[in-house]
Amino acid sequence: PTGKLVGVVHVQQLLREPPNMQLGRLVADDPTVAADATDREVAEMLASYDLLAVAVTDESSRVLGAVTVDDVLDRMLGVGWRTRRKRTTPT
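Residues numbered from 1 in each chain as written. Predicted model: local features only at pLDDT ≥ 70, side-chain atom pairs only at ≥ 80, totals over all residues. Heavy atoms only, no water.

(A) Just the overall build of the protein chain, in detail. If you tally the helices and strands in the protein chain, you get four helices and three strands. Traced from its N-terminal end to its C-terminal end, the protein chain shows the element sequence α-β-α-β-β-α-α. A compact globule built from 91 residues should have a C-alpha radius of gyration of about 12 Å, whereas the protein chain, at 17 Å, is more than 25% larger. Referenced to the eigenvectors of the C-alpha coordinate spread, the extents of the protein chain come out at roughly 50 × 35 × 25 Å. Burial status across the protein chain gives 13% buried among its 91 residues. Counting contacts in the protein chain only where the partners sit at least 6 residues apart, residues at least 24 apart contribute 25% of the total. With the model as given, the accessible surface of the protein chain reaches about 7400 Å², and the carbon-plus-sulfur share is 54%. Within the protein chain, one finds 11 positive and 13 negative side-chain charges whose respective centroids are separated by 9 Å. (Helix = DSSP H or I, 4+ residues; strand = E, 2+ residues; numbered from the N terminus. Rg over C-alpha atoms; globule rule 2.2 N^0.38 Å. Buried < 20%, exposed > 50% of the residue type's maximum accessible area, 1.4 Å probe, protein only. Contact = heavy atoms within 4.5 Å. Areas by Shrake-Rupley, 256 points an atom, 1.4 Å probe, with all protein chains shown as cover. Lys, Arg positive; Asp, Glu negative; His and termini not counted. Charge placed at Lys NZ, Arg CZ, Asp CG, Glu CD.)

Here it is in structure tokens:
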């Protein structure tokens, strides 16, 4: 209700825990990125912590969104990479 980030829960950990495990016991205090983070800063954060996604927060720790590995790859590969890939794929 406050919009403030409490923490994250990793999918692999959810899969290993019993179904009756309280979610609050699994919350981790992983790092976040600021809205003005550079592409490189976001990529380094994901790589350093082996994350699939990272939360984007403001100065008050309110969640603004998230950036995924797919987002970083799309940004780094540039516009039209998907159509270029289709043309070069052998049939």
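(B) Structural context of the confidence of the model for the protein chain. When the pLDDT values of the protein chain are averaged, the result is 87; 91% of them are 70 or greater. Per-element confidence in the protein chain is highest for strand β1 (residues 33-34), whose mean pLDDT is 95, and lowest for helix α4 (residues 81-88), whose mean pLDDT is 70. (pLDDT = per-residue confidence, 0-100.)

(C) Fine view of the nonpolar core. Core analysis: the largest hydrophobic core is formed by nine residues, namely Val-33, Val-42, Met-45, Leu-46, Leu-51, Val-54, Val-56, Val-67 and Val-72. Mapped by element, the contributors of at least two residues to this core are α2 (39-49) and β2 (53-57). Looking at which element gives the most residues to this core, the answer is α2, with three residues. If we skip the residues at most four places from it in the chain, Val-72 touches Val-42, Ala-43, Leu-46 and Val-67. (Core = buried A, V, L, I, M, F, W, Y, C linked by side-chain atoms within 4.5 Å.)

(D) Representation of the pairing of β2. Most of β2 is tucked away, with four of its five residues classed as buried. As judged from the two bridges shared by β1 and β2, these two strands associate in the parallel manner. Within β2, the position partnered with Ala-34 by the bridge is Thr-57. Note: β2 against strand β3 (residues 63-68), five bridges, orientation antiparallel. Among the inter-strand pairings, Val-56 is bridged to a residue of β3, identified as Gly-65. (Pairing = 2+ DSSP bridges.)

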